[in-house]
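Okay, here's what each chain looks like letter by letter:
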Amino acid sequence: MRRVGIVGAGGISRTHADRWNQMPGVELAGFYDIIEDAAQRAVQRSGGKVFGSMNELFDAVDYVDVCTPGTAHVQPVIAALEAGIPTVCEKPLANSIADCERIVDAADRTGTPLFVAMVVRFFPQFAKAKEVLDSGAIGAPGVIRTVRSGSYPDAGSGWRKGLAITSYYADFAQSGGVLLDLCIHDIDYQRWCFGEVERVFARGMMFAGKEPKDHALLTLRFASGAVGHIEGSWSYPRGRSSSRIEIAGTGGILEWDSRTRPPVEVALAQEDGSLASSGSSPTAPKDDPYYAELAHFVRCTEAKEPFLVTPYDGLMAVKISRAAIESLETGRPVTIS
Ligand SMILES: NC(=O)c1ccc[n+]([C@@H]2O[C@H](COP(=O)([O-])OP(=O)(O)OC[C@H]3O[C@@H](n4cnc5c(N)ncnc54)[C@H](O)[C@@H]3O)[C@@H](O)[C@H]2O)c1
């Protein structure tokens, strides 16, 4: 039995804790949070114990799962790697390029496995699209377009409902807004599909003083000559999240839209009377992308195999997101170094 400890007991830690609790051969040891009350609530909901310090947690576990905000990844991730404990780090790898580079250095120096939780690569539809692309069925890739939209991720939205935690998403210095927090999923996915990005151009609402809304449009120029479009939005009404993908090649086109309903949808009544959809059907654990990414971490760690997402991939996704933010600020395309 492997024991996992979660650092940072907020919204996404719930999602991870549920998956760890479903996973054979893994036991959730508990949570450490700088706000002890947050760890207490997480333990009441998901089990395990409250750890009084990060080192106390490190002493009790085989894996560490870092679920703090991006600005607070660098310290726990490097400490876990230096303690020799295989680690999961939520996206973004870190909020700044400098912190990402420190983490990549620590992973290289220690040789401790570090998995960056870029969950979109584990969504069955996105994984299938990559598989089709790699099979050559649609020919040489030319254009990729992805859309990811939802409501503003404040304390009252989606899975955050009922958490008495002030959302850090509204603070650009903490979250990097829609470009660093949301579009990074598609930046990583498109780079996985199409290879290195040479240039990025972005337009958006980030600095338009329209909070609490944010929306961005990005164009990526790949070294291959292919072009990527990304639309990311936190401007939709609650309950209208969606994602879309379209890849066009010399021999065909591939499309998927999450708004096309799955055949069985389970929508459960929430405390405030609204319905929240499970969004997936049928719900075999292996179809759940969060389960799939954490199971991948365990499988690769135990088999001493490389992860699908490397620390370098995490660094590049932040570099491109940061270049997009610079493009938005300057109104010019930005070259990726
Ligand atoms: N992959 C996804 O779909 C997805 C979805 C949501 C969030 N995320 C990512 O997960 C991370 C956390 O997001 P969230 O929404 O859960 O945030 P949150 O604000 O709900 O929770 C973060 C928790 O971390 C704690 N914390 C902060 N600094 C800490 C430190 N140094 N040590 C210990 N605990 C600390 C806070 O007290 C808080 O309880 C972010 O990086 C975010 O981008 C990913």
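Further up the page is the structure itself.
Calculation criteria
- Residues numbered from 1 in each chain as written.
- Predicted model: local features only at pLDDT ≥ 70, side-chain atom pairs only at ≥ 80, totals over all residues.
- Heavy atoms only, no water.
- Near = heavy atom within 4 Å.
- Polar contact = N/O pair within 3.5 Å; in protein donor to acceptor, adjacent residues only side chain to side chain.
- Areas by Shrake-Rupley, 256 points an atom, 1.4 Å probe, with all protein chains shown as cover.
- Nonpolar A, V, L, I, M, F, W, Y, C, P; charged D, E, K, R; others polar.
- Pairing = 2+ DSSP bridges.
- Helix = DSSP H or I, 4+ residues; strand = E, 2+ residues; numbered from the N terminus.
- Axes fitted to C-alpha atoms, helices over the stretch in contact; angles between N-to-C directions.
- Parallel < 35°, antiparallel > 145°, perpendicular 65-115°, else oblique.
- Contact = heavy atoms within 4.5 Å.
- Expected span 1.5 Å × (residues − 1).
- Core = buried A, V, L, I, M, F, W, Y, C linked by side-chain atoms within 4.5 Å.
- Buried < 20%, exposed > 50% of the residue type's maximum accessible area, 1.4 Å probe, protein only.
- Domains from an automatic or database assignment.
- Phe/Tyr/Trp six-rings, centres within 6.5 Å; stacked < 30°, edge-to-face > 60°.
- Salt bridge = Lys/Arg side-chain N within 4 Å of Asp/Glu carboxyl O.

**Looking at the site of the ligand**
Near the ligand lie 28 residues; those nearest to it are Ile 12, Asp 33, Lys 91, Tyr 169 and Tyr 290. With respect to the ligand, the backbone of Ile 12 contributes an N or O atom lying 2.8 Å from an oxygen atom. Tyr 169 is positioned with one of its side-chain polar atoms (N or O) 2.6 Å from an oxygen atom of the ligand. Starting from 850 Å² of accessible surface for the ligand in isolation, the protein chains cover 91%. Along the lines of polarity and charge, the residues of the shell around the ligand split into 16 nonpolar, seven polar and five charged.

**Focus on the sheet that holds strand β10 (residues 227–233)**
Strand order in this open sheet of seven strands is β12-β11-β7-β10-β9-β8-β15, and the pairing throughout is mixed. For this open sheet the edge positions go to β12 (252–257) and β15 (334–335), each flanked by a neighbour on one side alone. Note: strand β8 (residues 197–204) against β15, two bridges, orientation antiparallel. Residue Arg 199 lies in a different strand from β15, and its bridge partner there is Thr 335.

**Quick word on the packing of helix α4 (residues 74–82) against helix α5 (residues 97–110)**
Two elements in contact, α4 and α5, have axes whose closest approach is 9 Å; the angle formed by their N-to-C orientations is 5 degrees. With respect to their mutual orientation, α4 and α5 come out roughly parallel. Only Asp 99, Arg 102, Ile 103, Ala 106, Ala 107, Arg 109 and Thr 110 of α5 make contact with α4, whose side of the interface consists of Val 74, Val 77, Ile 78, Leu 81 and Glu 82.

**Description of α5**
Each full turn of the α-helix corresponds to 3.6 residues, which orients residues three or four apart in the same direction. Compared with the 20 Å implied by 1.5 Å per residue over 14 residues, the 20 Å span of α5 between its first and last C-alpha is a close match. Its buried side turned inward, α5 meets α4, β6 (114–117) and α11 (311–330). Note on α5: the residue one or two positions beyond its end, Gly 111, has a positive phi of about 70 degrees.

**Some remarks on the nonpolar core**
Across soluble globular proteins, you tend to see nonpolar side chains buried next to one another. Membership of the largest hydrophobic core comes to 100 residues, with the highest contact counts inside it found for Trp 20, Phe 31, Val 64, Leu 179, Leu 218 and Ile 247. Looking at this core, the element that brings in the most residues is α11, giving nine residues. There are two domains that each give this core at least three residues, and those are domain 1 (2–117) and domain 2 (120–335). Other than its neighbours up to four places away in sequence, Val 64 contacts Gly 5, Val 7, Leu 57, Phe 58, Ala 80, Ile 85, Pro 86, Thr 87 and Val 88.

**Quick notes on the packing of aromatic side chains**
Enumeration over the complete set of coordinates arrives at 14 aromatic pairs. Look at Phe 126 and Tyr 189: their rings are 5.0 Å apart centre to centre, the planes differ by 85 degrees, and that puts the pair in the edge-to-face class. Remark: Tyr 189 occurs in helix α9 (residues 183–194) and Phe 126 occurs in helix α6 (residues 124–135); sequence separation between them is 63 residues. Here Tyr 189 falls in the buried class, since its relative accessible area comes to 0%.

**Side note on the environment of Gly 139**
Mapped onto the secondary structure, Gly 139 falls in the loop between α6 and β7 (141–149). If we ignore the near neighbours within four places in the chain, the residues touching Gly 139 are Thr 250 and Gly 251.

**A word on the side chain of His 73**
Tracing the backbone shows His 73 in the loop between β4 (63–66) and α4. Overall, the relative accessible area of 0% leaves His 73 in the buried class. A polar contact is formed between the side chain of His 73 and the backbone oxygen of Pro 92, at a distance of 2.7 Å. The contact partners of His 73, leaving out residues within four places of it in the chain, are Val 66, Thr 68, Cys 89, Glu 90, Lys 91, Pro 92, Leu 93, Ala 94 and Ile 103.

**A word on the pairing of β10**
Alignment of β7 against β10, held across seven bridges, turns out to be parallel. Residue Arg 148 lies in a different strand from β10, and its bridge partner there is Gly 232. Summarising the sheet, strand β9 (residues 215–222) and β10 pair through seven bridges and their orientation is antiparallel. Considered in β10, the bridge of Arg 221 is made with Val 227.

**Quick notes on the sheet that holds strand β3 (residues 49–50)**
Spatial ordering of the open sheet is given by β3-β2-β1-β4-β5-β6, a layout of six strands whose pairing is parallel. Strands at the two margins of the open sheet, each flanked by one partner only, are β3 and β6. Bridging between strand β5 (residues 87–90) and β6 involves four bridges; their strand directions are parallel. Across the sheet, residue Thr 87 finds its bridge partner in β6, namely Leu 114. Contacting β1 (2–7), β2 (26–32), β4 and β5, helix α1 (residues 11–22) crosses the sheet at an angle of about 155 degrees to β2.

**Describing the pattern of salt bridges**
All chains considered together, the criterion is met by 19 salt bridges. In this structure, the salt-bridge partner of Asp 18 is Arg 45, at a minimum N-O distance of 3.0 Å. Residue Asp 18 is found in helix α1, and its partner Arg 45 is found in helix α2 (residues 36–46); the two are separated by 27 residues along the sequence. The class of Arg 45 is partly exposed, set by a relative accessible area of 43%. Here Lys 49 ties to Glu 56 by a salt bridge, and the two come within 3.4 Å at their closest N and O atoms. You can call Lys 49 partly exposed: its relative accessible area is 39%. Residue class for Glu 56 comes out partly exposed when judged on its relative accessible area of 33%. Where salt bridges share partners, they join Arg 121, Asp 188, Arg 191, Glu 196 and Asp 313 into one cluster.

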